[in-house]
Amino acid sequence: MTELAVIEALTAVFLAAAILLVGARRLGLPPIPFYLAAGMLVGPVIAPEHLLELARWGIAFLVFAFAVETDPLTDIDRSATTVGIVQVTATGVLLYMVGLAIGLGRLDALLLAAFGAFSSTLVALGHLTEGPVRPSVTHERLAEAINVVDDLAAIAVILVVGAVAFPDAPGVEGIAAGIGVLAGAVVLRRVLFDRLAAAARGDVEIVMITAVSLLIGFVAIAEAIGISIVVGAFAAGLAVSSEYPHDVEAVDAIGSIEDFFIPVFFVTLGALATVPDARTLGLAGVILLGVIVLNPVVTVLTARRAGYDDRTATLAGTRLDQVSEFSLVIAIEALLVGAIAPAFFEALVLAAIVSMVLSAYTSDHGEAIYRGLTARGIVGDDLGSVRHESTVSDDVADHIIVVGYGPVGRRVVDAIADAGREAVVIDPDPALAAAVGDRGAGYVAGEVESDATWTVARPDSAALIVSAVPDPPRNRRVVDRAGETDVIALATDRATASSLLERGATFVAIPDALAGGRLADHVERTLSEEGYADRLRERGRKRLADVDDK
Amino acid sequence: MSPEAIALASDFAIVVVTATALAYVARRTGQPTLVAYILTGIVLGPVVLGVVTEDDLIGVMAELGLGFLLFLLGLEMRFDRIKGIVRPVINVAAGQTVLQTALAFGVAYALGFRGMDVIVIALATVFGATPVIVKLLADQGDLDSLPGRIDVGVLIVQDIYLVIVLALVGAGLAGGAVEIGTDVARIFGLMAAIGAASYLSYRSFLPWLLGAVADDRTVLFVIGLAWAFAFIYAAERLELSVEVGAFIAGLGLAQLPYSTELKERMEPLTDLFLVVFFSSIGLGLAADHLAAYWVEALVACAVMMVGNFLIMLYLIDREGFSAETSFIGSVNMVQVSEFSLVVGALAVAQDLVDEPILGYLSLMALVTMTLSTYVILTNRALYERARPLLDRIGVGGDVDADLPGYEGHAVVVGYDDLVRTAMPPIREHFEQVVVVERSTAGMDELADSDVAFVYGDAKHGDVRTDADVSEAALLVSVARPTSVNRHLLADLPDDAKAFVAAVDPVEARDLYEGGTDYVILREPLAGTALGEHVRRYLADPESYRERSPGSIGRIERGEPS
């Protein structure tokens, strides 16, 4: 390899990636399938071998950054985690048997299982783009928890497969050593990393190369033992995660390096795949069926057994129907040691591209999919579970329905109580029931998209409906369900506001504009009235103290 | 394609880990990290341990480090930064380049060098190391002072000169006058062609392209990288240096409002590759090379540091700046530029000189960079000491030009509906209002008003400097995440008023502890206002309904009626 050849390959990689990314951005789709497609485009004109070493850095940084952001010991939601474990195991075992049944070898069948069972954190949560991550809704929290389980399981699989299934693998001792490395990383985080960060005295550059050095160190240990570098990179991420959230610039520095290597990795991966033949397409079809049909079905069944209602289970399922980037890592490791055939690898990459693009569509249209399924009687309604959790009498009337019990909704409920009227809160989080009850308000545990919620909340006999969440689809739903009742709603922007007014809302406000009006007042008086700033400051602090008491 | 062939724990890994260890030592002793990186190469290379050789991966990374550094320098060539002092800066830079080259030539000749050695030494001994000066001045918050701006301006002009020198040395400086003339013409022709491509892109599709993706920093970054690689590759193909291509690529993007943001994204990656680059210089040295001319190098260091300081002092003073500006502006520039090593390494690669000459230049760079760190860190104290002497010899004029910049102004960080609604009183009370925002929507909206716009993320120091936060009288910030606000509050003068948004009560309390005058909790504010609407409705639904058929104008003001 010569320097010019490498620079030539990198130039092709980034030009192709940049062009396709602009397209992805326009369509609002995640970047990874476009990186892979860019790789398939430039594959014929570059020699991907030149990039393999840089691509391995891509893997290392991908896993490293994931580990830095995850704290597996505190992010656990027990019931959702159980769903994740059952889903991964069931889908995995089923697909493994399907693989053996259609005549695949054991390792190929295992990869088929991995591609079907694991879904992608980066694609599902939009971590690689800057889409908002808002796991406030139950099904999103469920999907996120399952993703974390998937990722951890994927790393476990990489550890085990790398240690026992590849040629020249170290065997069971390798697994034990890998676990030892991970444990060592956790110890390091406790005793070493804080000290290093302190010694760097806030110098971002030094913190950055320290993190890179830790990554190199752990990867070198992994290589010395003979296990996958993914395990080393994950351990390195665990070793630094404690101090990072406090230092934006250091996280940003790592992010910038990651953003360089990740396109290199995914484009190289795409470039290793070539034009598929019929058998490859057939295999890709089988993998796709596993990813976009079997996996969501298993997720829905499992989530329902765990007590989630049909709606939440279905919506979570629509978010988990794509191939995980970690599965791609397993695939490329297997390809590099010659453990799988290139044609099988191509089928895997194709399935990944298709499923990632499709899944962007299904998670945006989850609600429509759910309604379609209910209409055909495939999944049921959730009236029973909504009624069970709610505290509203069957004949409630002349009440004021408040949608959403966040900081905005809370103050609206207070205003209603001050006026001596009865409020009924609609909010999907059952944990709020007690707090709502304390304010003398009724409570409906459901989402506005669900028909059951409205059956219980009785909008037709209400005096007024106030939507305290500025979420356009939910507000459209609120206005549609209001019937003759007046609606006061929030909108994120002017266009949404006027469309809601046209749809029949009585009054629409933009929350930031509401708040801005008050802020303008404070600014004006601070700048023109002597002593106003001090009074304002005192009042603000006192109000915060009041919040604490509650 | 066996796993051994692509082992990650390569020489590259050893270089980075060693550099990290030495960087901590450097940090403890107050040295620039750059010295630690050069030392890394010397320790690992044949001079001391001999455990690492320059393999291909190291070569690529070093090349990219240098390419990206020049891309960054190109990106930094924001003409508005030095507007107002352009003429004096060009005078100083031109004079300094000529005089210091002459001095370097004279010193080298006096020390006994002859022939091509003297020419390369004279061309390569350029004073003023951009990374050293910029990093230390930024740490001290002096980058925006008048001496700081003069230094940055001179460094920028010097970079253009260096690109030409690099191109000349890269082409081998070979042949007679005619051939050199043809070479120079060819170089200038190709540079002009690449420059024209860059400029035409800047005039045509680049603003549109970057504007379309600027909301997503990952996409912006990938496009920036693609842009840099395209020019680096073109330059390589045309047998110009990588450096020239990268520099011109940066220039094409520099005048766009996204350049500061892009530069901040590129910096960590560049830092990482530069570690390899600076180490690779050390890797290429042998012990006898470094020591070959150690006496000469030390003598040259002493003479050149003093000589260059005097040259700069004379030149800046001649432009009529004050004694303090002249002194500090010149005392900052007493180290050999890192490009001396680039020029030297290139000259060795072209067989113009032997490795001992590179050893001589490296030793000079090591010594002057190390010493100058202390000089820059203590420049004000040094000035106080030197003041009586400066007075006696009559240094000091009175033109300390009015800097283009903001003072006593309002800084608004983030531009959304909340801020938009609160803008009228701010604009009424302040002549200068600067909005810092990393999406482009606000830029279009504010384009026609008298509100200044800084594109970028306020977590980056350069962006805060662009907005002159340290001179502001009012700060209204809705920036995320919290730590950005901590940076902003730290930069803000004590007597300024601060309105800062928090997401929850815990953060709000921290902000009050940190001296914020008013913490904006947007949801409670909005909730209180919305509750007011509900109260009005409940009091008299009929009249509320009648008066409320929602006019958008009212929505914007968030008023009931």
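No experiment lies behind these values; they were computed from the predicted model shown. (Residues numbered from 1 in each chain as written. Chains lettered and ligands numbered in written order. Predicted model: local features only at pLDDT ≥ 70, side-chain atom pairs only at ≥ 80, totals over all residues. Heavy atoms only, no water.)

Caption draft 1: Region of the structure containing the overall build of chain B. A tally of regular secondary structure across chain B gives 26 helices and six strands. A burial count over chain B gives 58% of its 561 residues as buried. Considering only contacts within chain B whose residues lie at least 6 apart along the sequence, 72% involve residues at least 24 apart. By element, 58% of the accessible surface of chain B is carried by carbon and sulfur atoms, the whole surface being about 20900 Å². (Helix = DSSP H or I, 4+ residues; strand = E, 2+ residues; numbered from the N terminus. Buried < 20%, exposed > 50% of the residue type's maximum accessible area, 1.4 Å probe, protein only. Contact = heavy atoms within 4.5 Å. Areas by Shrake-Rupley, 256 points an atom, 1.4 Å probe, with all protein chains shown as cover.)

Caption draft 2: Expanded view of the environment of Ala 37 of chain A. Residues and elements named next belong to chain A. Of note, Ala 37 is situated in helix H2 (residues 32-42). In this structure Ala 37 comes out as partly exposed when scored by relative accessible area, which is 25%. C-alpha of Ala 37 to C-alpha of Val 267: the two residues are 230 residues apart in sequence and 7.4 Å apart in space. Excluding residues that lie within four positions of it along the chain, Ala 37 makes contacts with Leu 20 and Ile 353.

Caption draft 3: How the structure looks around the side chain of Asn 332 of chain B. Residues and elements named next belong to chain B. Within the fold, Asn 332 resides in the loop between helix H15 (323-331) and helix H16 (338-349). By relative accessible area, which is 1% here, Asn 332 ends up buried. A polar side-chain atom of Asn 332 sits 3.0 Å from a polar atom in the side chain of Asp 151. For Asn 332, the side chain forms a polar contact with the side chain of Asn 379, separated by 3.0 Å. Beyond its immediate sequence surroundings of up to four residues, Asn 332 is in contact with Ile 133, Leu 137, Asp 151, Ile 376 and Asn 379. (Polar contact = N/O pair within 3.5 Å; in protein donor to acceptor, adjacent residues only side chain to side chain.)

Caption draft 4: The arrangement of the confidence of the model for chain A in detail. All names here are of chain A. Averaged over every residue, the pLDDT of chain A is 81; the share at 70 or more is 91%. By mean pLDDT, helix H6 (residues 121-125) is the weakest element of chain A at 59, and strand E1 (residues 400-403) is the strongest at 92. The low-confidence segment residues 126-135, where pLDDT is below 50, has 22 contacts with residues more than four positions distant or belonging to other chains. (pLDDT = per-residue confidence, 0-100.)

Caption draft 5: Examining the side chain of Arg 265 of chain B more closely. With respect to the helices, strands and loops of the structure, Arg 265 of chain B is situated in helix H12 (residues 259-283). By relative accessible area, which is 5% here, Arg 265 of chain B ends up buried. If we skip the residues at most four places from it in the chain, Arg 265 of chain B touches Asp 252, Gly 255, Ser 256 and Asp 259 of chain A together with Arg 217 and Phe 221 of chain B.

Caption draft 6: Just the interface of chain A and chain B, in detail. Taken together, the contact pairs 106 residues of chain A with 113 residues of chain B. Counting across the chain A and chain B interface gives six salt bridges. Salt-bridge contacts for Asp 418 of chain A lead to Arg 535 of chain B; the nearest nitrogen and oxygen are separated by 3.7 Å. Linking chain A to chain B there are 15 residue pairs in polar contact (both at pLDDT 80 or more). When residues of the side of chain A that touches chain B are assigned to their parent elements, the largest contribution, 16 residues, is made by helix H23 (residues 511-528) of chain A. For the side of chain A that touches chain B, the class distribution of residues is 65 nonpolar, 16 polar and 25 charged. (Salt bridge = Lys/Arg side-chain N within 4 Å of Asp/Glu carboxyl O. Nonpolar A, V, L, I, M, F, W, Y, C, P; charged D, E, K, R; others polar.)

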